[in-house]
Amino acid sequence: MINRSYCPCCLQYMIKLCLHLKSQQYNIIRWHLFVIFLLCNCIDFCISNKLYSSSTYYASAAAAAAAAATGLASSSTISVTAVSAFEPDFVIPLENVTVAQGRDATFTCVVNNLGGHRVAWIKADAKAILAIHEHVITNNDRLSVTHNDYNTWTLNIRNVKMEDAGKYMCQVNTDPMKMQTAMLEVVIPPDIINEETSGDMMVPEGGSAKLVCRARGHPKPKITWRREDGREIIARNGAHQKTKALAVEGEMLTLSKVTRSEMGAYMCIASNGVPPSVSKRMKLQVHFHPLVQVPNQLVGAPVLTDVTLICNVEASPKAINYWQRENGEMIIAGERYVLTEKEVNMYAVEMILHIKRLQSTDFGGYKCISKNSIGDTEGTIRLYEMERPGKKTHRDEDLNEVTKNEIVLKENRHEDSARNQNGRLYKERGSDAGIYGSYASHTPTKQWELVKLITMSTLIALLTSTRNLFLLLLPLSSTNDSNQRSNNDRERRKTKSHLNINAS
């Protein structure tokens, strides 16, 4: 049985032959049909055994057809070239394909005027025939070929692997051969190589650290370093050169003269334009001696009140923190003592001691102590007693009362010294006349009058003493002495009376 799908040219040849034959030529029809029958069976045998050759297949067919037609009359001569009036041509170019590993790839070849020609798919760089027309030749179950029964042939590659990348060809077996080529690029998302990448690292403060991150993928991934907390990465070049950046590129990150502020988590991010990007977290631990800072070294509070003592501690590795009295007694959390620690960052904590209902025995020195594997340190706070606000008010009131009593006494003395010969007190007339007491004693006018009175009394006493001394030195008679004494007494009384009047 002739397989018609494999020899459409033969069928076309028979139809053309029948149309051109005349009645007197029926006797030679059998001979031509026999030749055509042999030709089609030969073609069917070759294709079934995959001995197809694009260059020899149609050459053999053309030779057989020409030999069969040599005995025909000139009116029945047929040329094989009349089988197809137009040459095959490609409608659209074959497009390059980029696909991630593990996904599917598709090449589409559109050919018009194919006629009796065949379409073949070839892996050009490997020089391997993949498929002819709708039949897959290569032994690869991931490949398939589809045809839409018109002019479109599609090569499908499922679950693409890296070895599938390369140049692919869509070929039509014309003479000369026609073809189109396109590239298949297989990309691979980045993947960090854990065996060649650093893990968590511990370094002493002032030392150096080298963090390494390597990744695979296609195209080759780019490595970027960032800090997890968003802070800047510090790079030191030389003794005094220092640069800061939010991101650093490269497989290796070198940190020199590391400080405690550089402690934390660093992110290694690998990307090559093929999603998703991947990252790895590395924790840098910086070890150093504990440090204790005391914000308030002297704290005061009254009895029966609450007070809070605070110490700021920095230590790495993590330290053991506790409180002591100055006599070495450790403070244990209880009803009156509340001990808490507030974490500030990876290496800093805030120690808090809260004492309730202060007693007299609570006053004194307190120590906040921090110890880790490198060393220990302590800070000291002194707690002293303050007077209660109520007691201070009472003392001020008592002091004011004493001051008022003293002022009243001084006023009484002032009134006694200001009395005249008739025993009456001289007061100024006006709106403020007769006002005496604690308020008057504090006015500037009364204080100035008191100073004037004391000064005049001192001056009179000094004059009297001088006069008496002068009289003792003068050798006068008793008469003169008595007269002079009388005159002097009279003069002294006048002077004293005048001074009293001025003072009042």
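This is a predicted model, so every value here is computed, not measured. (Residues numbered from 1 in each chain as written. Predicted model: local features only at pLDDT ≥ 70, side-chain atom pairs only at ≥ 80, totals over all residues. Heavy atoms only, no water.)

Draft legend 1. The packing of aromatic side chains, seen in detail. Counted by the stated rule, this structure contains two aromatic pairs. Ring centres of Phe288 and Tyr347 lie 5.8 Å apart, and the angle between their planes is 80°; on these two criteria the pair is classed as edge-to-face. Of this pair, Phe288 sits in strand β20 (residues 278–293) while Tyr347 is found in the loop between β24 (337–343) and β25 (348–355), placing the two residues 59 residues apart along the sequence. Tyr347 matches Phe288 in its accessibility class, with the two residues each being buried. Positioned above the aromatic ring of Phe288 is the side chain of Arg260, whose terminal nitrogen or guanidinium carbon lies 3.7 Å from the ring centre. Cation over ring: Arg336 sits above Tyr337, and NZ or CZ is 5.4 Å from the ring centre. (Phe/Tyr/Trp six-rings, centres within 6.5 Å; stacked < 30°, edge-to-face > 60°. Helix = DSSP H or I, 4+ residues; strand = E, 2+ residues; numbered from the N terminus. Buried < 20%, exposed > 50% of the residue type's maximum accessible area, 1.4 Å probe, protein only. Lys NZ or Arg CZ within 6 Å of the ring centre and 35° of its normal.)

Draft legend 2. View of the sheet that holds strand β8 (residues 152–157). If you walk across this open sheet you meet the four strands as β1-β3-β8-β7, and the pairing is antiparallel. Single-partner strands in this sheet number two, and they are β1 (89–90) and β7 (143–147). In terms of strand pairing, β7 meets β8 through five bridges, oriented antiparallel. By the bridge assignment for β8, His147 is matched with Trp153. (Pairing = 2+ DSSP bridges.)

Draft legend 3. Expanded view of unusual backbone geometry. With omega at 5°, the peptide bond leading from Asp175 into Pro176 counts as cis. As for its placement among the helices and strands, Pro176 is situated in the loop between β9 (166–172) and β10 (178–192). Residue Pro317 is reached from Ser316 by a cis peptide bond, and omega for that bond is 5°. Mapped onto the fold, Pro317 is located in the loop between β22 (307–316) and β23 (320–325). Residues other than glycine seldom take positive phi values, yet Asn113 does so here, at roughly 55°. Residue Asn113 is classed as partly exposed on the basis of its relative accessible area, which comes to 41%. Within the chain, Asp149 stands out as a residue other than glycine whose phi angle is a positive 65°. Within the secondary structure layout, Asp149 lies in the loop between β7 and β8.

Draft legend 4. Structural context of the sheet that holds strand β27 (residues 376–385). The sheet built from four strands is open, its strands ordered β21-β27-β26-β23 with mixed pairing. A single partner strand is all that each edge strand has here, and the edge strands are β21 (298–301) and β23. Each adjacent strand pair in this sheet contributes to an overall mean axis angle of 25°, direction not counted. Bridging between β21 and β27 involves four bridges; their strand directions are parallel. When the sheet's bridge partners are listed, Gly300 is paired in β27 with Tyr384. (Axes fitted to C-alpha atoms, helices over the stretch in contact; angles between N-to-C directions.)

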